[in-house]
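Commentary on secondary and tertiary structure
The lines below spell out each chain.
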Amino acid sequence: MATPPPGSVMSISPPVDFVLGASACCMACVFTNPLEVVKTRLQLQGELRARGSYTRHYRGVLQAMVAVGQADGLRGLQKGLTAGLLYQGMMNGVRFYLYSHAEDMGLTERPGGTVAAGAIAGALGALVGSPAYLVKTHLQAQTVAAIAVGHQHNHQSVSSLVRPSTKKHGILGLKAVGRRVTAPFARYWLDL
């Protein structure tokens, strides 16, 4: 194998970039998911209600972590982890793969190519990952009624949301999952 000239950067193949990017982001997700659970609960608290007209179950990050741990056990801090791993793996794997592919094609060497390649890779990665992100948020918001905030969807897992639609309608049934997952958000934005 030839030694690359000084100052040059060795390129990684797009499939390897996909695997490395997805793996790194998934490992980070395992450690950050408890904070995501707390963030989701804090954000949903008092959703669409006037200040002071609702019970504040969560009063900060540390208190919310304790409340989640007491209500849902330590496993409660990892709610939505499977969907989070799916989201991070797909979104970031696609981003790394597409950007690496753009590098291999020489698109990043052109004026503005780095920005264009990054924007396109990022947008397509977000498009691929967004359904898993919504499912992750639904799962992270679920808790016992005493400290529930926002709408409770009562999904058991990612597969409990996907399986009925794919069983009934095949792979195209995932469109129904997307509509079921995004409908509450669409209604919220249309009502504004």
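What comes next concerns the included structure. All values derive from a computational prediction rather than experimental measurement.

With that settled, consider the overall build of the chain. Regarding its fold elements, the chain presents 6 helices and 0 strands. Sequence-ordered secondary structure for the chain, helices as α and strands as β, is α-α-α-α-α-α. For the chain, buried positions account for 32% of its 192 residues. Within the chain, contacts between residues separated by at least 24 positions form 68% of all contacts whose residues are at least 6 apart in sequence. Only carbon and sulfur atoms are counted for the fraction: they give 65% of the accessible area of the chain, which is about 12,000 Å².

The subject of this paragraph is the nonpolar core. Listed in full, the 10 residues of the largest apolar core are V37, V38, L44, Y58, A64, A67, V68, L77, A141 and V149. Each residue touching L77, except ones within four places of it in the same chain, is listed here: N33, P34, V37, V38, M65 and V68.

A full pass over the atoms with the stated rule returns 4 salt bridges. A salt bridge links K39 to E36; the nearest nitrogen and oxygen atoms lie 3.5 Å apart. Taken together, the residues span about one helical turn, with K39 and E36 both in helix α1 (residues 14-44) at a distance of 3 residues. Assessed through its relative accessible area of 24%, E36 is described here as partly exposed. For the salt bridge of E36 with K136, the shortest nitrogen-to-oxygen distance reads 2.7 Å. In this pair, E36 sits in helix α1 while K136 sits in helix α4 (residues 113-141), placing the two residues 100 residues apart along the sequence.

A surface patch of nonpolar side chains, amounting to about 230 Å² of accessible area, comprises I12, V16 and L20. Along the chain, the position of V16 falls in helix α1. For V16, a relative accessible area of 38% gives the class partly exposed.

This part covers the packing of α1 against helix α3 (residues 81-104). The N-to-C vectors of α1 and α3 enclose an angle of 150°; their axes lie 7 Å apart at closest approach. As far as their axial angle goes, α3 and α1 are roughly antiparallel. α3 is crossed by α1, and the crossing has right-handed handedness. Taken together, the residues of the contact of α1 with α3 break down into 13 nonpolar, 9 polar and 2 charged.

Reading the values: the criteria
Residues numbered from 1 in each chain as written. Predicted model: local features only at pLDDT ≥ 70, side-chain atom pairs only at ≥ 80, totals over all residues. Heavy atoms only, no water. Helix = DSSP H or I, 4+ residues; strand = E, 2+ residues; numbered from the N terminus. Buried < 20%, exposed > 50% of the residue type's maximum accessible area, 1.4 Å probe, protein only. Contact = heavy atoms within 4.5 Å. Areas by Shrake-Rupley, 256 points an atom, 1.4 Å probe, with all protein chains shown as cover. Core = buried A, V, L, I, M, F, W, Y, C linked by side-chain atoms within 4.5 Å. Salt bridge = Lys/Arg side-chain N within 4 Å of Asp/Glu carboxyl O. Patch = residues over 30% accessible without salt bridge, like charges linked within 9 Å, V, L, I, M, F, W, Y side chains within 5 Å. Axes fitted to C-alpha atoms, helices over the stretch in contact; angles between N-to-C directions. Parallel < 35°, antiparallel > 145°, perpendicular 65-115°, else oblique. Left-handed = near helix turned anticlockwise from the far one by under 90°. Nonpolar A, V, L, I, M, F, W, Y, C, P; charged D, E, K, R; others polar.

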